[in-house]
Amino acid sequence: MVRLEENNNRLALAKQLVDQLESGSAQEAEQTIDLLAGFNENNLFREVGRLTRELHNAINGFLLDTRITELAAHEMPDASERLNYVIQMTENAAHTSLGAVEAGLPLAEELGSEARVLANDWQRFQQRELSVEEFRVLVRQLTDFLRTTGDYSGKLHGKLSEVLMAQDYQDLTGQIIRQVITLIRDVEDKLVRLVSLSGDVNKQRVVKPGTVLEGPAVPGLDQRDQVSGQDEVDDLLSSLGF
Amino acid sequence: MKILVVDDFSTMRRIIKNLLRDLGFTNTQEADDGNTGLPMLQSGNFDFLITDWNMPGMTGIDLLKAVRADPRLSKLPVLLVTAESKREQIIEAAQAGVNGYVVKPFTATTLEEKISKIFERVQA
């Protein structure tokens, strides 16, 4: 309807312009030309105005979603820190395990080679091939060997326990990686919404984050209200009457 | 002494089971969250529960609350072994009636200490 009315107006103005030019009234013709040009400008301004308003609404709606600010300002940098911590923890665990294995292998090796020497002498003793002096030496060696075996078995147990405990990284890094996966899904969701925003401006919903479990404390992050170790846990519990 | 170890990470369950074996506790069973752990406790005559906090399904704190709410289990000693280390969480666990709280990563000595402390108190 608006278009039709506009066209009619333009047609009327155009006819008026022809009349004015034919009758030689130049000044009036000038005014009519200005009026005709004004139509286009008005349309342009209206269109720019509409686009500006839509863009403004879209941006405002997007900014209202506080999750995005939170994601960009805190959670993405935090995620990098967390992943760095995963690298550090896995590296530490690998070094601890390797160190314990490297310390344990020579002990096992030494016990084995000592046992082989003694087994040989023992066999000679059973075959009555040892002199009295050689037998005395064998008894001393056996006494030493039994003591060493007890000692080394304790040491090996300790080294194997170190390897065992070092495997706790899998639980702790697993929890951290899960958190980062959740974050990536969140970011993906926001990006999909950003893409769909160009076509459709939805009312944004502000999502309040619920109470979430924090998982393993990452050094440099998470210092808020977090205890720094078992001693502080014990102190806190004993202050509560434990 | 029959002990139930609840943790969603199988590696952590193995670590705890091995440490318990070193301490002389060989009768242990495993569950991967509260939903599988609670029915085991209800039907299994367990003497001790060691549980993680953050698990999919039923969390350790909910399992603890369920244990305390069950008349047949309410006296069961419970040790939380968890990476959750916020003060308010430790307080929440204490209020829910936990017997001990160990933060991950922990040492074999810490676990041993907490377990023997709990038994001393239970027997006293």
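Throughout, a residue's number is its position along its own chain's written sequence, starting from 1. Written order determines the labels here, with chains lettered from A and ligands numbered from 1. For a predicted model such as this one, the threshold for reporting local features is a pLDDT of at least 70, and the threshold for listing and counting side-chain atom pairs is 80 or more; totals across whole chains, interfaces and linings nevertheless cover every residue. Hydrogens and water are ignored here; the side-chain numbers use all heavy atoms of the structure.

A.B. asks: How should a nonpolar patch on the surface be read in this particular structure?
C.D. replies: Residue and element names in this part refer to chain A. Where nonpolar side chains cluster on the molecular surface, the patch consists of W122, F125, F135 and V139 and spans about 330 Å² of accessible area. Comment: elements are numbered from the N terminus, with helices defined as DSSP H or I runs of at least four residues and strands as E runs of at least two. Going through the elements one at a time, α3 (66–126) and α4 (132–166) are the ones with two or more residues in the nonpolar patch. Classification of residues uses two cut-offs on accessible area relative to the type maximum, computed with a 1.4 Å probe and protein chains only: under 20% is buried, over 50% is exposed, and between them is partly exposed. Residue classification places F135 among the partly exposed positions, given a relative accessible area of 32%. Residues form patches when they are more than 30% accessible in relative terms and have no salt bridge. Like charges link within 9 Å. Nonpolar side chains (Val, Leu, Ile, Met, Phe, Trp, Tyr) link within 5 Å. Values of accessible area rely on a 1.4 Å probe in the Shrake-Rupley scheme; residue burial ignores everything except the protein chains shown. When a carboxyl oxygen of Asp or Glu is within 4 Å of a side-chain nitrogen of Lys or Arg, the pair counts as a salt bridge.

A.B. asks: How should the confidence of the model for chain B be read in this particular structure?
C.D. replies: Any segment with low pLDDT has predicted coordinates that should not be analysed in fine detail. Residue and element names in this part refer to chain B. Values of pLDDT, the confidence the predictor places in each residue, fall between 0 and 100. On average, residues of chain B carry a pLDDT of 94, and 100% of them reach 70 or more. Looking across chain B, the model is least confident in helix α5 (residues 108–123), with a mean pLDDT of 90, and most confident in strand β3 (residues 48–51), with 98. Listed scores for the predicted complex are pTM 0.67 and ipTM 0.71.

A.B. asks: I would appreciate a short explanation of the packing of α4 of chain A against helix α1 (residues 10–22) of chain B in the present structure.
C.D. replies: Under this scheme, a helix contributes an axis fitted over its contacting stretch, all axes are lines through C-alpha atoms, and angles between N-to-C directions fall in the 0 to 180 degree range. With their axes 10 Å apart at the nearest point, α4 of chain A and α1 of chain B run at an angle of 155 degrees to one another. With respect to α1 of chain B, the element α4 of chain A is oriented roughly antiparallel. Both α4 of chain A and α1 of chain B take part in a crossing whose hand is left-handed. Contact residues: α4 of chain A offers H157, S161, L164 and M165 of chain A, while α1 of chain B offers I15, N18, L19 and D22 of chain B. Note that the term roughly parallel is reserved for angles under 35 degrees, roughly antiparallel for angles over 145, roughly perpendicular for angles of 65 to 115, and oblique for everything else. What makes a crossing left-handed is the near helix being turned counterclockwise from the far one by less than a right angle; a clockwise turn instead makes it right-handed. We call two residues contacting when some pair of their heavy atoms lies within 4.5 Å.

A.B. asks: So what exactly am I meant to see when it comes to helix α3 (residues 60–69) of chain B here?
C.D. replies: One turn of the α-helix equals 3.6 residues, which is why residues spaced by three or four share an orientation. Residues and elements named next belong to chain B. When we look at burial in α3, the residues that qualify are G60, I61, L63, L64 and V67. Buried residues along α3 cover an arc of 160 degrees about the axis, so they all sit on one side. Its buried side turned inward, α3 meets β1 (3–6), α2 (34–44), β3, β4 (78–82) and α4 (87–95). As used here, the arc belongs to the directions running from the helix axis to the C-beta atoms.

A.B. asks: Explain the sheet that holds β4 of chain B here, please?
C.D. replies: Sheets are built from strands paired through backbone hydrogen bonds, the pairs being either parallel or antiparallel. Residues and elements named next belong to chain B. At least two bridges found by DSSP between two strands are what make those strands a pair. The 5 strands lie next to each other as β2-β1-β3-β4-β5, forming an open sheet whose pairing is parallel. Sheet topology places β2 (28–31) and β5 (100–103) at the edges, where each strand pairs with a single neighbour. Pairs of neighbouring strands in the sheet enclose a mean axial angle of 20 degrees, with direction left out of account. Pairing of β3 with β4 involves 3 bridges; the strand directions are parallel. Looking at β4, one finds that L49 is bridged to V78.

A.B. asks: Would you mind showing me how to read the interface of chain B and chain A here?
C.D. replies: How big an interface is tends to be reported as the loss of accessible area on association of its parts. Taken together, the 36 residues of chain B in the interface contact 30 residues of chain A. With both sides pooled, the region where chain B packs onto chain A buries about 2900 Å², and carbon together with sulfur makes up 61% of that total. Once two parts are put together, the accessible area they lose, assessed with a 1.4 Å probe and summed over both, is termed the buried area. Of all residues in chain B, F9, K86 and R87 of chain B bury the most surface against chain A, accounting for 22% of the area lost on that side. Remark: the boundary between chain B and chain A carries 4 salt bridges. Among the ionic pairs, D234 of chain A bridges to K114 of chain B, the shortest N-O distance being 2.9 Å. Here a polar contact is recorded for every N or O atom pair within 3.5 Å, except that within protein the pair must consist of a potential hydrogen donor and a potential acceptor, and residues adjacent in sequence are included only if both atoms are side-chain atoms. For the interface between chain B and chain A, the tally reads 11 residue pairs in polar contact (both at pLDDT 80 or more). Among the secondary structure elements, those contributing two or more residues to the side of chain B that touches chain A are α1, α4, β5 and α5 of chain B. Residues were grouped as follows: Ala, Val, Leu, Ile, Met, Phe, Trp, Tyr, Cys and Pro as nonpolar; Asp, Glu, Lys and Arg as charged; and all remaining residues, including Gly, as polar. Here the side of chain B that touches chain A is composed, by residue class, of 17 nonpolar, 9 polar and 10 charged.

A.B. asks: In this structure, what is going on with the pattern of salt bridges? I would like to understand it.
C.D. replies: Residue and element names in this part refer to chain A. Overall, the coordinates contain 19 salt bridges over all chains when judged by the stated rule. In this structure, the salt-bridge partner of E133 is R136, at a minimum N-O distance of 3.4 Å. Residue E133 and its partner R136 are located together in helix α4, separated by 3 residues, close to a single helical turn. The class for E133 is partly exposed, based on a relative accessible area of 48%.

A.B. asks: Looking at this structure, I do not really get the confidence of the model for chain A. What am I missing?
C.D. replies: Residues and elements named next belong to chain A. Counting all residues, the mean pLDDT for chain A is 85, and 90% of those residues have values of 70 or more. For chain A, the element scoring lowest by mean pLDDT is helix α2 (residues 26–64), at 80; α4 scores highest, at 95. In the predicted structure, residues 201–206 sits below a pLDDT of 50 and forms 9 contacts with residues beyond four places in sequence or in another chain.

A.B. asks: Honestly, the side chain of D8 of chain B in this entry has me stumped. Any pointers?
C.D. replies: With respect to the helices and strands, D8 of chain B occurs in the loop between β1 and α1. There is a polar contact of 3.0 Å between the side chain of D8 of chain B and the side chain of R178 of chain A. The contacts of D8 of chain B, once residues within four sequence positions are left out, are R178 of chain A together with R13, D32, D52, N54, M55 and P56 of chain B.

A.B. asks: Explain the nonpolar core to me, please; I cannot follow it from the model alone.
C.D. replies: Nonpolar side chains in soluble globular proteins generally cluster together in the buried interior. We call a set of buried Ala, Val, Leu, Ile, Met, Phe, Trp, Tyr and Cys residues a nonpolar core when their side-chain atoms join them within 4.5 Å. If you look at the biggest cluster of nonpolar residues, it comprises 29 residues, and the most contacted ones within it are L41, L49, L63, V67 and Y101 of chain B. The element best represented in this core is α3 of chain B, accounting for 4 residues. With residues near it in sequence (within four places) discarded, V67 of chain B still touches L38, L41, L49, L73, S74, L76 and V78 of chain B. Counting 21 residues, the second largest nonpolar core, distinct from the first, contains L164 of chain A together with V5, V102 and F119 of chain B.

A.B. asks: I'm lost on the environment of I91 of chain B in this one. Help?
C.D. replies: Following the sequence through the fold, I91 of chain B ends up in helix α4. Among all residues touching I91 of chain B, those that are not within four sequence positions of it are L236 and L240 of chain A.

A.B. asks: I'm lost on the packing of aromatic side chains in this one. Help?
C.D. replies: Aromatic ring pairs are defined here through the distance separating the ring centres and the angle between the ring planes. Geometry of aromatic contacts follows a simple scheme: Phe, Tyr and Trp rings, the Trp one being its six-membered ring, pair when their centres are within 6.5 Å, and the pair is stacked under 30 degrees between planes, edge-to-face over 60, tilted otherwise. As enumerated under the stated definition, the model contains 4 aromatic pairs over all chains in all. Ring geometry for F48 of chain B and F119 of chain B: centres 5.0 Å apart, planes at 55 degrees, overall tilted. One end of the pair, F48 of chain B, is in strand β3; the other, F119 of chain B, is in helix α5, with 71 residues separating them in the sequence. The exposure classification of F48 of chain B matches that of F119 of chain B, with both residues buried. Chaining the aromatic ring pairs together yields one cluster made of W122, F125 and F135 of chain A.

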